[in-house]
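An overview of the molecular structure
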Amino acid sequence: GCPVEVIALLGTASAVHGYFQHANLGTRIGWLNYFFSMAELHRWHHSREIDEANHNYGQNVIVWDLVFGSFYWPDDREPPEAIGLPGLTAFPMTYLRQLASPFTFGRIRRASEPAARSDSEATV
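In this report, the structure presented in the accompanying data block is examined. These figures come from a predicted structure and were not determined experimentally.

Considerations on unusual backbone geometry
The general pattern is negative phi for most residues beyond glycine and trans for most peptide bonds. Not every positive phi belongs to a glycine, and Asn56 is a case in point at roughly 55°. On the accessibility criterion, Asn56 (0% relative accessible area) is buried.

A look at the pattern of salt bridges
What the rule picks out here adds up to three salt bridges. With a closest N to O distance of 2.6 Å, Arg28 and Glu78 form a salt bridge. Of the two residues, Arg28 sits in the loop between α1 (4–22) and α2 (39–45) while Glu78 sits in the loop between α4 (63–68) and α5 (95–123), which places them 50 residues apart along the sequence. A residue is classified by how much of its surface remains accessible, and Arg28, at 49% relative accessible area, is partly exposed. Across the salt bridge formed by Arg77 and Glu52, the nearest N and O atoms sit 2.7 Å from each other. Of this pair, Arg77 sits in the loop between α4 and α5 while Glu52 sits in helix α3 (residues 50–53); the two residues are 25 residues apart in sequence, bridging distant segments of the chain. Each of Glu52, Asp76 and Arg77 takes part in salt bridges that share partners, so that together they form one network.

What counts and what doesn't
Residues numbered from 1 in each chain as written. Predicted model: local features only at pLDDT ≥ 70, side-chain atom pairs only at ≥ 80, totals over all residues. Heavy atoms only, no water. Buried < 20%, exposed > 50% of the residue type's maximum accessible area, 1.4 Å probe, protein only. Salt bridge = Lys/Arg side-chain N within 4 Å of Asp/Glu carboxyl O. Helix = DSSP H or I, 4+ residues; strand = E, 2+ residues; numbered from the N terminus.

Here you go:
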C-alpha cells in the first residue's frame, strides 16, 4: 500500500547516501555521526583490523549500532588509511569485476597467494 513516489524517494536517497558513504571522501559531519552512517564512521567498518571492522553496520542511519552496542568512533585517532581485505592483492578494482567477485573469489584468492606469501616472507 505504499505509494510508488515514497519508494522511489527512499531508493534514490539510499543510493545517493551509499555513494557518499563509499566514495572515500574525507567528509566530517561531527555530531551528526550519532545519526547518519557516513564515510567517517563507515571507514572503520572497512578496516583491515577485525576489532575495528566489526562495527558501524548501519546502511543509512547509525541508530541501531548505538542501540545494539556496535557503534565505533574512537576520538583519539583518525579512521584507518588501509581498508579492505588484507592479503587479497588481486582483488579487482573495477566496478563490474567487483560485482562479479563472489563468483570468481577462488581465482582472486589463488592469484593473491604469491603476493601474500612474499609479504609474509618479507616480514620474517
